[in-house]
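Listed below, chain by chain, are the residues.
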Amino acid sequence: MNIDLTFKKSNADALVEKYRVYRSTNKAQLYAGENIIGEITSFSGSTNVTFTDPNAVLGVSYYYGLETVSKTGYSFMTAPKNICVAKNIGAI
């Protein structure tokens, strides 16, 4: 099952090297290194960053977070966002 995520950018594109997307079922462990599910390096031309999680499981509650990594090595993490899709509304 796919979950489409959209995060508002936190800095100007010229300052950002990449964005890292994290997913965990445990809010306290969200930003552990093993929970990185993707990196976004192409993000210009929009005020948002988008990512599709193709491995989400229906009925499982996930926490997602985005880490902004600057070109100078500084990083900023968003507050965890909780998502649980309890019903499949897609086509059969």
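Keep in mind it's a predicted model, so treat the numbers as computed, not measured.

Calculation criteria
Residues numbered from 1 in each chain as written. Predicted model: local features only at pLDDT ≥ 70, side-chain atom pairs only at ≥ 80, totals over all residues. Heavy atoms only, no water. Helix = DSSP H or I, 4+ residues; strand = E, 2+ residues; numbered from the N terminus. Areas by Shrake-Rupley, 256 points an atom, 1.4 Å probe, with all protein chains shown as cover. Lys, Arg positive; Asp, Glu negative; His and termini not counted. Charge placed at Lys NZ, Arg CZ, Asp CG, Glu CD. Core = buried A, V, L, I, M, F, W, Y, C linked by side-chain atoms within 4.5 Å. Buried < 20%, exposed > 50% of the residue type's maximum accessible area, 1.4 Å probe, protein only. Contact = heavy atoms within 4.5 Å. Pairing = 2+ DSSP bridges. Phe/Tyr/Trp six-rings, centres within 6.5 Å; stacked < 30°, edge-to-face > 60°. Lys NZ or Arg CZ within 6 Å of the ring centre and 35° of its normal.

J.: How would you summarise the overall build of the protein chain if you had to cite specific residues and measurements?
T.: Scanning the protein chain from N- to C-terminus turns up zero helices and seven strands. In the protein chain, the succession of α and β elements from N to C terminus is β-β-β-β-β-β-β. Structurally, the protein chain occupies a C-alpha span of about 45 × 30 × 15 Å along its principal axes. Of the roughly 5,800 Å² that the protein chain leaves accessible, carbon and sulfur atoms contribute 51%. Charge-centre separation for the protein chain: the mean point of 9 positive side chains lies 6 Å from the mean point of 7 negative side chains.

J.: Break down the nonpolar core for me, with residues and values.
T.: Ranked by size, the top nonpolar core spans 14 residues in total, and within it Leu 5, Tyr 19, Val 21, Ile 40, Tyr 64 and Leu 66 carry the most contacts. Elements that contribute at least two residues to this core include exactly strand S1 (3–8), strand S2 (16–24), strand S4 (48–53) and strand S5 (62–70). Excluding residues that lie within four positions of it along the chain, Tyr 19 makes contacts with Lys 9, Ser 10, Asn 11, Gly 38, Glu 39, Ile 40, Phe 43, Val 49, Leu 66, Glu 67 and Thr 68.

J.: Outline the pairing of S5, listing residues and values.
T.: Among the nine residues of S5, eight are classified as buried, and the element is accordingly described as predominantly covered. Examined bridge by bridge, S2 and S5 share eight bridges and lie antiparallel to one another. Across the sheet, Tyr 22 pairs through a bridge with Gly 65, a residue of S5. Direction of pairing for S5 relative to strand S7 (residues 81–83): antiparallel, over a ladder of three bridges. Across the sheet, residue Tyr 64 finds its bridge partner in S7, namely Lys 81. Across three bridges, S5 lies against strand S6 (residues 75–77) in antiparallel orientation. Residue pairing for S6: Val 69 is matched across the bridge by Ser 75. Between S5 and S6, which pair antiparallel one after the other, the connecting turn spans four residues, and Gly 73 there sits at a positive phi close to 95 degrees.

J.: I'd like a rundown of the packing of aromatic side chains, residues and numbers included.
T.: Considering all chains together, one arrives at three aromatic pairs under this definition. Plain terms: the ring middles of Tyr 22 and Tyr 31 are 4.8 Å apart, the flat faces sit at 65 degrees to each other, and that makes the pair edge-to-face. Note that Arg 23 overlies the ring of Tyr 62, its terminal NZ or CZ placed 4.8 Å from the centroid.

J.: Please provide a residue-by-residue account of the environment of Thr 41, values included.
T.: Locating Thr 41 in the fold gives a position in the loop between strand S3 (36–40) and S4. For Thr 41, a relative accessible area of 59% translates into the label exposed. As a C-alpha pair, Thr 41 and Arg 20 span 21 residues in sequence and 9.0 Å in three-dimensional space.

These figures capture arrangement, not role.
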